[in-house]
Amino acid sequence: MNVSSTAFAALSQAAKRVDQAAEGIARATRPADAVDDRVELSTEAVSLLVANNGYDAAIGLAKTADEISRRAIDLLA
């Protein structure tokens, strides 16, 4: 696995976290029909923060991979 694919996998994981948190928040806005249907908004907020940190890390990794590729090309040229 190379650096770019690792960055892409991290971005995909962060996107999944955002989707899951969004679904939880959407459930919180619907009327609760059952006691088990409750959503803890603080948990969803933490999930969004974790996803945001994941995006930041993945983008940093992608930038680093790009810089490494550019430097390698410069060395070969």
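Residues numbered from 1 in each chain as written. Predicted model: local features only at pLDDT ≥ 70, side-chain atom pairs only at ≥ 80, totals over all residues. Heavy atoms only, no water.

Chemist: Is there a simple way to think about the pattern of salt bridges in this case?
Modeler: Side chains that differ in sign of charge can pair as their charged atoms come close. Scanning the entire structure with this criterion turns up 3 salt bridges. Linking aspartate 66 and arginine 70 is a salt bridge whose minimum nitrogen-to-oxygen distance equals 2.3 Å. In this pair, aspartate 66 and arginine 70 both sit in helix α2 (residues 41-76), 4 residues apart, roughly one turn of the helix. Measuring nitrogen to oxygen at the nearest pair gives 2.7 Å for the salt bridge that ties arginine 71 to glutamate 67. You can see arginine 71 and its partner glutamate 67 sitting in helix α2, 4 residues apart, about one turn around the helix. Accessibility expressed as a relative area gives 32% for glutamate 67, which makes it partly exposed. (Salt bridge = Lys/Arg side-chain N within 4 Å of Asp/Glu carboxyl O. Helix = DSSP H or I, 4+ residues; strand = E, 2+ residues; numbered from the N terminus. Buried < 20%, exposed > 50% of the residue type's maximum accessible area, 1.4 Å probe, protein only.)

Chemist: Explain the packing of helix α1 (residues 3-29) against α2 to me, please; I cannot follow it from the model alone.
Modeler: Helices that pack against each other are described as a pair by the angle of their axes relative to one another and the distance between those axes. Orientation of α1 relative to α2, taken along the N-to-C sense of each, is 160°, at an axis distance of 8 Å. Judged by the inter-axis angle, α1 sits roughly antiparallel to α2. For α1 against α2, the interelement crossing comes out left-handed. Residue composition of the contact of α1 with α2, by class: 20 nonpolar, 6 polar and 2 charged. (Axes fitted to C-alpha atoms, helices over the stretch in contact; angles between N-to-C directions. Parallel < 35°, antiparallel > 145°, perpendicular 65-115°, else oblique. Left-handed = near helix turned anticlockwise from the far one by under 90°. Nonpolar A, V, L, I, M, F, W, Y, C, P; charged D, E, K, R; others polar.)

Chemist: Please clarify how a nonpolar patch on the surface should be interpreted in this entry.
Modeler: Taken together, the side chains of Ile25, Leu41 and Leu48 present a nonpolar region at the surface, about 230 Å² in accessible area. One can find leucine 41 in helix α2. (Patch = residues over 30% accessible without salt bridge, like charges linked within 9 Å, V, L, I, M, F, W, Y side chains within 5 Å. Areas by Shrake-Rupley, 256 points an atom, 1.4 Å probe, with all protein chains shown as cover.)

Chemist: Can you help me understand α1 in this one?
Modeler: Because an α-helix packs 3.6 residues into every turn, residues spaced three or four apart end up facing the same way. Taking 1.5 Å of rise per residue, 27 residues should cover 39 Å, and α1 covers 39 Å from first to last C-alpha, within 8% of that figure. Those residues of α1 lying buried are Ala7, Ala14, Ala21 and Gly24. As for α1, its buried residues are in contact with α2. The backbone nitrogen of serine 4 lies 3.2 Å from a side-chain oxygen of the residue at the head of α1, namely asparagine 2. (Expected span 1.5 Å × (residues − 1). Contact = heavy atoms within 4.5 Å. Polar contact = N/O pair within 3.5 Å; in protein donor to acceptor, adjacent residues only side chain to side chain.)

Chemist: Teacher, can you tell me more about the environment of valine 3 here?
Modeler: Note that valine 3 resides in helix α1. Sequence spacing of valine 3 and aspartate 66 is 63 residues, and the spatial spacing of their C-alpha atoms is 9.2 Å. Setting aside anything within four residues of it in sequence, one finds valine 3 in contact with Leu61 and Ala65.

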